Amino acid sequence: MLICGPCSAESEEQVLETARQLKELVAPDYFRAGIWKPRTRPNSFEGVGEKGLAWMQRVQDELNIPVITEVANASHIEKITKYGFSAFWIGARTVANPFSVQEIAEAAKGGKFKVFVKNPTNPDIDLWCGAIERFKKLGFNEIIAISRGFYPFAETKLRNLPCWEIPIELARRMPDIKIICDPSHIAGDTKYIAEIAQQAMDLNMAGLMIESHCCPHNALSDKQQQLDPTNVKQLLNSLKIKSSYVNDHNFEIELEMLRNKIDVLDYQLLDILKQRFAITNEIGEIKKVHNVAVLQIERWKKVLESRSEYGERLGLSRELVAALFSDIHKESIKEQSDDLNIR
Ligand code: PEP
Ligand code: MN
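A. Structural detail: the coordination of the manganese ion (ligand 2). Surrounding the manganese ion (ligand 2) are the protein donor atoms Cys7 (SG), His185 (NE2), Glu211 (OE) and Asp222 (OD), which sit 2.1 to 2.4 Å from the metal. Mapped onto the sequence, the residues coordinating the manganese ion (ligand 2) show the spacing C-x177-H-x25-E-x10-D. Placement of Cys7 in the loop between β1 (2-5) and α1 (12-26) and of His185 in helix α7 (residues 183-187) is noted, with a sequence separation of 178 residues between them.

In structure tokens, the structure reads:
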């Protein structure tokens, strides 16, 4: 599934020209444009409002591309209904507010809308699932999740962190919900969109929502991350799309054998981990007897450094090894402290 169009509808010409080019070059399944823009600070461009819906209706009627926009309250639903929309999305800020999600779901109920639910900006999987459940409960059966990245809390090259483990967990919890990716809002800059889109395809996501503007340098919102339609076409051509399934017996056998090996190693890892915790608990006991603090920062620094270094020599990334040992160490400290406080 491909959803494409500008961050915001800005003028009738911009909407129609962008849609025309996109139709010719990439034939999107939906044409997107924001009508009401949730801006972090006031006095930024907040969207053209209702008149933009009429421009989008022209795209739908004259170019035959279904249109989609962001809604944030019940009155938006009323308005998009008037202009013949059959789909809407809930934005990352609105999805974090269960009152708003419920209000939108109730207003849209019975309207036969296809509903797209973006993840909230904070990495709270329950909030994302909860919004989807609110629509499910009201009988919507075409719900699609959009993975748009998470607020990074620090300076990063990407505008939002993909945190792929979160959409993967959503797929595990809700196997009937398709997930598409919005690489534009993850990237925040046109230079990173292709790599994020490729990662989404490697994870077998069901489609992409890509921001595209006929003149990106004149865009009134998200200028840095909008591709012109020609660049969208180029990006799509560059994607390597792998299938999740092949009907090849030899491949199946080979995969099965390799997975069996992984299974064996995973259980060995757990056995070793169990032995390791038995020893840290013993250390906890003697620390208690000798009245020594649980956290020994110098020892922890040495463990972290030596394991990261050894891992690196084996070709494992320092980040992975550091993250792994931080979790193990956290658990050891917790167990030793619990033990100290119980008795
Ligand atoms: C958008 O799609 O233009 C948008 C505002 O998205 P998000 O809610 O993901 O920030
Ligand atoms: Mn945008």
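B. Region of the structure containing the domain arrangement of the chain. On domain assignment, one finds that the chain holds domain 1 (2-238) and domain 2 (249-339). Computed over C-alpha atoms, the centres of domain 1 and domain 2 are 40 Å apart.

C. Helix α8 (residues 190-202), seen in detail. Among the residues making up α8, those that are buried are Tyr192, Ile193, Ile196, Ala197, Gln198, Ala200 and Met201. Its buried side turned inward, α8 meets β7 (178-181), α7, β8 (208-211) and α9 (229-238). Looking at where α8 begins, the residue whose side-chain oxygen comes 2.9 Å from the main-chain nitrogen of Lys191 is Asp189. With its phi angle positive at about 65°, Asn204 sits one or two positions after the end of α8.

D. How the structure looks around the site of ligand 1. Neighbouring ligand 1 are the residues Cys7, Arg32, Lys37, Glu70, Trp89, Gly91, Ala92, Arg93, Lys118, Arg148, His185 and Glu211. Between ligand 1 and Ala92 there is a distance of 2.8 Å, counted from an oxygen atom to a backbone nitrogen or oxygen. Within the contact set of ligand 1, an oxygen atom lies 3.3 Å away from a side-chain nitrogen or oxygen of His185. The fraction of the free accessible surface of ligand 1 (300 Å²) that becomes covered by protein chains is 97%. The residue inventory of the shell around ligand 1, partitioned by class, reads three nonpolar, two polar and seven charged.

E. Structural context of the packing of aromatic side chains. Enumeration over the complete set of coordinates arrives at five aromatic pairs. When the ring of Phe88 is compared with that of Phe135, the centres are 6.1 Å apart and the planes differ by 50°; the resulting orientation is tilted. Of the two residues, Phe88 sits in strand β4 (residues 87-90) while Phe135 sits in helix α5 (residues 125-137), which places them 47 residues apart along the sequence. A residue is classified by how much of its surface remains accessible, and Phe135, at 0% relative accessible area, is buried. Look at Phe135 and Phe140: their rings are 5.2 Å apart centre to centre, the planes differ by 75°, and that puts the pair in the edge-to-face class. Residue Phe135 shares its accessibility class with Phe140, and that shared class is buried. Cluster of aromatic residues (ring-pair linked, three or more members): Phe88, Phe113, Phe135 and Phe140.

Conventions we followed
Residues numbered from 1 in each chain as written. Chains lettered and ligands numbered in written order. Predicted model: local features only at pLDDT ≥ 70, side-chain atom pairs only at ≥ 80, totals over all residues. Heavy atoms only, no water. Donors = N, O, S within 2.8 Å, 3.2 Å for Na, K, Ca; no water. Helix = DSSP H or I, 4+ residues; strand = E, 2+ residues; numbered from the N terminus. Domains from an automatic or database assignment. Buried < 20%, exposed > 50% of the residue type's maximum accessible area, 1.4 Å probe, protein only. Contact = heavy atoms within 4.5 Å. Polar contact = N/O pair within 3.5 Å; in protein donor to acceptor, adjacent residues only side chain to side chain. Near = heavy atom within 4 Å. Areas by Shrake-Rupley, 256 points an atom, 1.4 Å probe, with all protein chains shown as cover. Nonpolar A, V, L, I, M, F, W, Y, C, P; charged D, E, K, R; others polar. Phe/Tyr/Trp six-rings, centres within 6.5 Å; stacked < 30°, edge-to-face > 60°.

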